[in-house]
Amino acid sequence: MQELFNIFIRSIFIDNMVFAYFLGMCSFLAVSKTVNTSVGLGIAVVFVLGITVPVDYLLNEYVLKAGALAWLDESLADMDLSFLSFIMFIAIIASMVQLVEMVVEKFSPALYSSLGIFLPLIAVNCAILGGSLFMQEREYQTVAQATVFGIGSGIGWFLAIVGIAAIREKMRYSNIPAPLRGLGITFILTGLMGIAFMSFLGIKL
Amino acid sequence: MKFLRNFLDKQKPHFEKGGRFEKLHSTFDAFETFLFVSNRVTTKGAHIRDAIDMKRTMIVVVIALMPALVFGIWNVGYQHYLSQGMAYDFWPMFGYGLLKVLPVIIVSYVVGLAIEFAFAQYRHHEVNEGFLVSGMLIPLVMPPNVPLWMVAIATAFAVIIGKEVFGGTGMNILNPALTARAFLFFAYPSEMSGDKVWIAEKADAYSGATPLGHLLVGEVDKLPSDMSMFLGTIPGSVGETSTLAILLGAVLLIATGIGSWRIMVSVVGGGLAMGLLFNLWGANAYMNIPAYQHLIMGGFAFGTVFMATDPVSASQTKRGKYIYGFLIGMIAVLIRVFNPAYPEGMMLSILLLNVFAPLIDHYVVQSNISKRLKRAKVLAKA
């Protein structure tokens, strides 16, 4: 239990997808214009990460890892399919994103149209694939750990995009120098937020 | 005075539209309004009659900083001679401190104001007075031994990246003084942390650890007495050590209504709550120290009174201020106890909440809107 809690806190604050690894920047920068849209996208990312990471964990554990196929047949024990992990993970992610897209379109057409192309593009959001690859690299022990890690990373990303969206809503009234308007100031803003998030760097859990 | 007025009046036409120095209008305007109260009055439309404007606001904050500054200057000298094992009178200590602190103040003001003025000319807006306070806060949060060129770089970073790119005073997201300190903290960690930097020209054999430094390595018994931490005769950043001097400033800020008492009270509440929570947990010696000690150690008091209450980067709504302050207090103590990399959590927790202040405001406003809508519906039905 303690271990799960640590992974959860770590993945939200210390190893924040956006401010510690700068993953998932494209949609982070492009969809963070208003709080309401970014809440929608954030929830979608939490959902997708929360499903794909444990599914990819099972896939990795029982198919891809060196010797993972031993449960099938003794002769397959020295089989190592981990070179397939990228393509397998992407396939899982793409199908999950299809599912999310259908759900969002059915239940919230307004959100669906405001997210636009970025909803299907979650499939190529680096934070999602990053979540699965970190899961593989950090060698989580159980499926519960992988789930908690996936949801935590999603919540970290959610916090980041909602935070920057609120700032950008406020910044609409600022007289920003013309060359920096739009993306330029958003990049600077992301850097400054990164400084603030560095407060968690170095906490040992 | 008369002479000065005449001089300004004589020069004024050169800076008006069509004059020789038209481009430098905002520089002239800044000096004129700094020296004299403007004689322009509003003639029509609704307006509020009040003597307070941004210049007066900022000057009140600078005055509130004076006790902490004077004490800080004395303490720099006191700590220096204490580490050398020598005892001196008041004036030599004060003089030594002045020699250390005054150059930092001058550098921070010169660099910061130069950039402010340049931006104001170039972008044709008035010179804003926000930097009067930031320029005083920056020296107060620096360790006494900080090299001057670092102060210059940090000030330039804070003013340009932290403030001017967002459109100048009133538009910044993070507190400029804390941005300067955080910049140095991450760019030159060896000059901004550790046990060496907190006493100017310290004798080698003398331990220069701050109370937080002692706690971090678990030396609870080496902690100074509560009284000396409250009075501030401990090593630390120039302005942060004396809780008493900071309280004097807090009284002025609250009495004039310039600093928000809501934020100050809730930061203290958050810090105490987290401290008590750790007392209950009590997993190590650091968690067992009395909760009130967190308030008098390190930058907690200084941050509470002067940094968290920054009207620009704090939450704007009343309910938001309580949430904002409480979280600052909690996270500051949390980082102190949990994060072995950073002994001082106050700076980082304020920066973190600066980032989330707009979000807190957003949800407070939304909840007010939905509450009123509900009330309107009830009324419509009745």
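Keep in mind that what you see is a predicted model, and the values were worked out from it rather than measured. Starting afresh in each chain, residues are numbered from 1 along the sequence in its written order. A letter from A marks each chain and a number from 1 marks each ligand, given out in the order of writing. The predicted nature of this model means local features are confined to residues of pLDDT at least 70 and side-chain atom pairs, given and counted, to a pLDDT of 80 or more, with totals for whole chains, interfaces and linings taken over all residues. Each side-chain value is derived from all of the structure's non-hydrogen atoms; neither hydrogens nor water enter the calculation.

## Description of the overall build of chain A
Our working definition: Numbering of helices and strands runs from the N terminus; a helix is a DSSP stretch of H or I covering at least four residues, while a strand is a stretch of E covering at least two. Here the globule rule is a power law, 2.2 Å times the number of residues to the power 0.38, and the radius of gyration is based on C-alpha atoms. Only protein chains enter the accessibility calculation, which uses a 1.4 Å probe; a residue whose area is less than 20% of its type maximum is buried, one above 50% is exposed, and one in between is partly exposed.
Summing up its helical and strand segments, chain A has 8 helices and 0 strands in all. Moving toward the C terminus, one meets the helices and strands of chain A in the order α-α-α-α-α-α-α-α. Computed over the C-alpha atoms, the radius of gyration of chain A is 19 Å, within 12% of the 17 Å expected from 2.2 N^0.38 for a compact globule of 205 residues. Overall, the C-alpha framework of chain A stretches about 70 × 40 × 30 Å when taken along its three principal axes. Looking at chain A as a whole, 50% of its 205 residues qualify as buried.

## What about the overall build of chain B?
Keep this limit in mind: Should any heavy atoms of two residues lie within 4.5 Å, those residues are considered in contact. Here the Shrake-Rupley method, with its probe set to 1.4 Å, supplies the accessible areas, and only the displayed protein chains count as covering residues. In this count, Lys and Arg are taken as positive residues and Asp and Glu as negative ones, while His and the chain termini are left out. A single reference atom marks each charge: NZ on Lys, CZ on Arg, CG on Asp, CD on Glu.
When you go through chain B residue by residue, the secondary structure sums to 16 helices and 0 strands. Relative to the 2.2 N^0.38 estimate, which gives 21 Å for 382 residues, the radius of gyration of chain B is 23 Å and therefore close to what a compact globule would have. Its C-alpha atoms put chain B at 70 × 70 × 35 Å along the principal axes. Within chain B, buried positions represent 53% of all 382 residues. Counting only contacts in chain B whose residues sit at least 6 apart along the sequence, the fraction spanning at least 24 positions is 72%. A total accessible area of about 17,900 Å² is found for chain B, and carbon and sulfur atoms account for 67% of it. Each charge class in chain B can be summarised by its mean position, and for the 30 positive and 23 negative side chains these summaries are 14 Å apart.

## Brief notes about the packing of aromatic side chains
Put simply, the test is: Between rings of Phe, Tyr and Trp, where Trp is taken as its six-membered ring, a pair exists when centres lie within 6.5 Å; planes separated by under 30 degrees are stacked, by over 60 edge-to-face, and by other angles tilted.
Going through the model one piece at a time under the given rule, you end up with 21 aromatic pairs over all chains. For the pair W149 of chain B and Y188 of chain B, a centre-to-centre distance of 5.4 Å together with 90 degrees between the ring planes defines the contact as edge-to-face. Residue W149 of chain B is located in helix α6 (residues 148-160), and its partner Y188 of chain B is located in the loop between α7 (176-187) and α8 (189-192); the two are separated by 39 residues in the primary sequence. A relative accessible area of 48% places W149 of chain B in the partly exposed class. Under the relative-accessibility criterion, Y188 of chain B is labelled partly exposed at 26%. On the basis of an interplanar angle of 70 degrees and a centroid distance of 5.9 Å, the ring pair of W281 of chain B and F338 of chain B is categorised as edge-to-face. Pair noted here: W281 of chain B is in helix α12 (residues 261-281) and F338 of chain B is in helix α15 (residues 318-338), with a separation of 57 residues, a long-range link. Taking relative accessible area as the criterion, W281 of chain B reaches 52% and is therefore assigned exposed. Three or more aromatic residues link up through ring pairs in this structure, and these residues are F13, F19, F28, F197 and F200 of chain A together with F356 of chain B.

## A short note on the interface of chain A and chain B
How big an interface is tends to be reported as the loss of accessible area on association of its parts. Using the following cut-off: Buried area is a sum: the accessible area each of two parts loses on coming together, probed at 1.4 Å, counted once for each and added. In the analysis that follows, any N or O atom pair within 3.5 Å is treated as a polar contact, provided that within protein one partner can donate a hydrogen and the other can accept it, and provided that, for residues neighboring in sequence, both atoms belong to side chains. Amino acid classes used here: Ala, Val, Leu, Ile, Met, Phe, Trp, Tyr, Cys and Pro are nonpolar; Asp, Glu, Lys and Arg are charged; the rest, including Gly, are polar.
The partner chain B presents 32 residues to the 32 residues of chain A that form the contact. Roughly 2,700 Å² is buried in total at the junction of chain A and chain B, and carbon and sulfur atoms are behind 75% of that figure. Where chain A meets chain B, there are 3 residue pairs in polar contact (both at pLDDT 80 or more). Within the residue set of the side of chain A that touches chain B, elements represented by two or more residues are α3 (35-64), α7 (143-171) and α8 (183-197) of chain A. Residues that form the side of chain A that touches chain B fall into these classes: 23 nonpolar, 6 polar and 3 charged.

## Quick notes on the side chain of Q79 of chain B
One can find Q79 of chain B in helix α3 (residues 54-84). Once you skip the residues sitting within four places of it in the chain, Q79 of chain B turns out to touch I199, T233, I234 and P235 of chain B.

## A word on the packing of α8 of chain A against helix α16 (residues 346-381) of chain B
To be explicit about the condition: Helix axes are fitted to C-alpha atoms over the stretch in contact, other axes to C-alpha atoms as well, and angles between N-to-C directions run from 0 to 180 degrees. Put simply, angles under 35 degrees are roughly parallel, angles over 145 are roughly antiparallel, angles from 65 to 115 are roughly perpendicular, and the rest are oblique. Crossings are assigned a handedness: left-handed for a near helix turned anticlockwise from the far helix by less than a right angle, right-handed for a clockwise turn.
Direction vectors running N to C along α8 of chain A and α16 of chain B enclose 140 degrees, while the axes themselves pass 8 Å from each other. Our classification of the angle between α8 of chain A and α16 of chain B gives oblique. Along this stretch, α8 of chain A crosses α16 of chain B, giving a crossing that reads as left-handed. Every residue of α16 of chain B that contacts α8 of chain A at M193, I195, A196 and F197 of chain A is listed here: L348, L351, L352, V355 and F356 of chain B. Each residue belonging to the contact of α8 of chain A with α16 of chain B can be placed in one class, and the counts come to 9 nonpolar, no polar and no charged.

## Overview of the state of the cysteines
Residues and elements named next belong to chain A. Condition: Two cysteine sulfur atoms form a disulfide, by the criterion used here, when they sit within 2.5 Å.
Going through the model one piece at a time under the given rule, you end up with 0 disulfides over all chains. C126 supplies the cysteine sulfur nearest to C26, a cysteine that is in no disulfide, at a spacing of 4.6 Å. Residue C126 is classed as partly exposed on the basis of its relative accessible area, which comes to 33%.

## Quick look at unusual backbone geometry
With the exception of glycine, the majority of residues adopt a negative phi angle, and the majority of peptide bonds are in the trans configuration. Residues and elements named next belong to chain A. One non-glycine residue, F22, adopts positive backbone phi at about 50 degrees. Considering the arrangement of structural elements, one finds F22 in the loop between α1 (2-14) and α2 (25-30). On the basis of relative accessibility, which here comes to 41%, the residue F22 falls in the partly exposed class. If you check the backbone angles, E139 has positive phi at about 55 degrees while not being a glycine. When you line up the elements, E139 lands in the loop between α6 (126-138) and α7.

## Quick notes on the nonpolar core
Just so we agree on the cut-off: Residues enter a nonpolar core if they are buried and are Ala, Val, Leu, Ile, Met, Phe, Trp, Tyr or Cys, with the set joined through side-chain atoms within 4.5 Å.
Ranked by internal contacts, the top residues of the largest apolar core, which has 163 residues, are F28, I122 and W157 of chain A together with F302, F306 and Y324 of chain B. The element contributing the most residues to this core is α16 of chain B, with 13 residues. Once residues within four sequence positions are removed from consideration, F302 of chain B is found in contact with L65, L137, L140, V141, G239, E240, I246 and M307 of chain B.

## Comments concerning the pattern of salt bridges
To be explicit about the condition: A carboxyl oxygen of Asp or Glu within 4 Å of a side-chain nitrogen of Lys or Arg is what we treat as a salt bridge.
Summed over the entire model, instances satisfying the criterion amount to 5 salt bridges over all chains. D15 of chain A is the salt-bridge partner of R138 of chain A, the closest N and O atoms lying 3.8 Å from each other. Remark: D15 of chain A occurs in the loop between α1 and α2 and R138 of chain A occurs in helix α6; sequence separation between them is 123 residues. Taking the relative accessible area as the measure of exposure, D15 of chain A reaches 13% and is therefore buried. Ionic pairing is found between E116 of chain B and K163 of chain B, a salt bridge with its closest N-O pair at 2.9 Å.

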